[in-house]
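Structural characterization, general
Residue strings, one per chain:
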Amino acid sequence: HRRFDYRPKTDPYCQARYTFCPTGSAIPVMKEEDVIEVYRLQTPVWEFKYGDLLGHLKIMHDAVGFKSSLTGKNYTMEWYELFQLGNCTFPHLRPGMDAPFWCNQGAACFYEGIDDAHWKENGTLVLVTTISGIMFNEMAKWVKYDNETGIYYETWTVQASPNKQSVVWFDSYECSKFILRTYQKLADLGAVFKKIQTNYTSIILFSGEPVYLGNETSIFGPQGNKTLAAAIRDFYSPFRPHRTVKEFLVDLIKIIDRVILNHQFYLFYNLEYWFLPMKFPYLKIIYEEVPLPTGSKTSSGA
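What you are looking at is a predicted structure, and each value in this text was computed from that prediction instead of being measured.

1. Focus on the side chain of Glu-174
By the element assignment, Glu-174 lies in the loop between strand 7 (168-170) and helix 5 (175-188). Dropping the residues within four chain positions of it, Glu-174 is found in contact with Trp-79, Tyr-153, Glu-154 and Thr-201.

Given below as structure tokens:
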């Protein structure tokens, strides 16, 4: 996943149904002698609206919590889409614009408090390590770097087969990956994690070797490939929001026809388009263990 030099301004066209990070605050500077508890937080996606519904499918959202022993204050840190998951997964086809339009930024959100009920009721709230104030402050600097350079949300992991040793063509970049990076940074700073099982959700597409197609300019620009541009727009069209059940069912048939029967998928990754020759089982949601890290005692990232 590519790092960028800066975060671009978002276009006013991109609108969120729910405000991103509504109570967000700056990350505080902790006193060096503080002892801070670090908590693993996990809950079903959209738990606040649908309860445990997506938990049954193991579609989980991850975050990390902190508690200062000096002040007694709790904090939550997470990373998620600025404009909800659908906008990060599929583009808008705007009238008068040839290229698909993406609202796919993601970012870190830090705020005071841990909503115990939200995380505990259908999910997880468990202590994983303790760190010093010095380590917390170093982590905060890394979060700033990570947040300013890793700016685009990516829903899909793409790999060659369900085999665990399978080639991974593209890796996702979403909430759980941020938490894993954060844990690794803390481990590199010297944190020692408890030996507990930690599982995370991945949404995987299965594909033969991807074919590079080009970027927005080379495909949709004045000298672009009009046939390819039309094929990409046509592919994304059935994924638009639907007003009626009939519309949804008609487009679902189109999606099944293209992805499963014709083995086609167009992926937008690092601002470039790729063709995926889809393979059985096409798509799978997995909830697999990724162990808590052991430190290298060397700084990673910034």
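So, next bit.
2. Here we look at the state of the cysteines
Under the defined criterion, the tally for this structure stands at two disulfides. Here Cys-14 connects covalently by a disulfide to Cys-103, the sulfurs 2.0 Å from one another. The sign of the S-S torsion, about -85 degrees, decides the handedness of the disulfide formed by Cys-14 and Cys-103: left-handed. You can see Cys-14 sitting in the segment before strand 1 (35-44) and its partner Cys-103 sitting in the loop between helix 2 (84-89) and strand 4 (106-112), a full 89 residues away along the chain. Cys-14 gets classed as buried once you look at its relative accessible area, which sits at 8%. Disulfide pairing is shown between Cys-21 and Cys-109; the S-S distance is 2.0 Å. Between Cys-21 and Cys-109, the disulfide has an S-S torsion of 85 degrees and is therefore right-handed. Remark: Cys-109 occurs in strand 4 and Cys-21 occurs in the segment before strand 1; sequence separation between them is 88 residues. Side by side, Cys-21 and Cys-109 carry an identical accessibility label, which is buried.

3. Let's talk about the sheet that holds strand 4
Strand order in the open sheet made by the five strands is 4-3-2-1-5, with antiparallel pairing throughout. Every other strand in the sheet has two partners, leaving strand 4 and strand 5 (124-132) as the edge strands with one partner each. Geometrically, the sheet is characterised by an average inter-axis angle of 25 degrees between neighbouring strands, direction not taken into account. As defined by bridge partners, strand 2 (residues 60-68) adjoins strand 3 (residues 74-81) across five bridges and the pair is classed as antiparallel. Bridge pairing links Phe-66 to Tyr-75 in strand 3. Each of strand 1, strand 2, strand 3, strand 4 and strand 5 touches helix 4 (residues 133-149); the most contacted strand, strand 5, lies at about 110 degrees to it. Lying on the sheet, helix 5 is in contact with strand 1, strand 2, strand 3, strand 4 and strand 5; it crosses strand 2 at an angle near 35 degrees.

4. Here's the deal with a nonpolar patch on the surface
Residues Val-245, Phe-248, Leu-249, Leu-252, Ile-256, Ile-260 and Leu-261 make up a contiguous nonpolar surface patch of about 610 Å² in total accessible area. One can find Ile-260 in helix 8 (residues 245-261).

5. Observations regarding the environment of Ile-36
As for its position among the elements, Ile-36 is in strand 1. The buried category is assigned to Ile-36, whose relative accessible area is 0%. Sequence spacing of Ile-36 and Lys-284 is 248 residues, and the spatial spacing of their C-alpha atoms is 37 Å.

6. Some thoughts on helix 5
Helix length check: helix 5, at 14 residues, gives a terminal C-alpha distance of 20 Å against a target of 20 Å (1.5 Å per residue), a fit within 8%. Here helix 5 lies mainly inside the structure; 12 of its 14 residues are buried. Turning to helix 5, its buried residues number three or more, namely Cys-175, Ser-176, Lys-177, Phe-178, Ile-179, Arg-181, Thr-182, Tyr-183, Lys-185, Leu-186, Ala-187 and Asp-188. Of the residues trailing helix 5, Gly-190 is marked for its positive phi of about 120 degrees.

What counts and how
- Residues numbered from 1 in each chain as written.
- Predicted model: local features only at pLDDT ≥ 70, side-chain atom pairs only at ≥ 80, totals over all residues.
- Heavy atoms only, no water.
- Helix = DSSP H or I, 4+ residues; strand = E, 2+ residues; numbered from the N terminus.
- Contact = heavy atoms within 4.5 Å.
- Disulfide = S-S within 2.5 Å.
- Buried < 20%, exposed > 50% of the residue type's maximum accessible area, 1.4 Å probe, protein only.
- Pairing = 2+ DSSP bridges.
- Axes fitted to C-alpha atoms, helices over the stretch in contact; angles between N-to-C directions.
- Patch = residues over 30% accessible without salt bridge, like charges linked within 9 Å, V, L, I, M, F, W, Y side chains within 5 Å.
- Areas by Shrake-Rupley, 256 points an atom, 1.4 Å probe, with all protein chains shown as cover.
- Salt bridge = Lys/Arg side-chain N within 4 Å of Asp/Glu carboxyl O.
- Expected span 1.5 Å × (residues − 1).

Keep in mind these values describe shape, not function.
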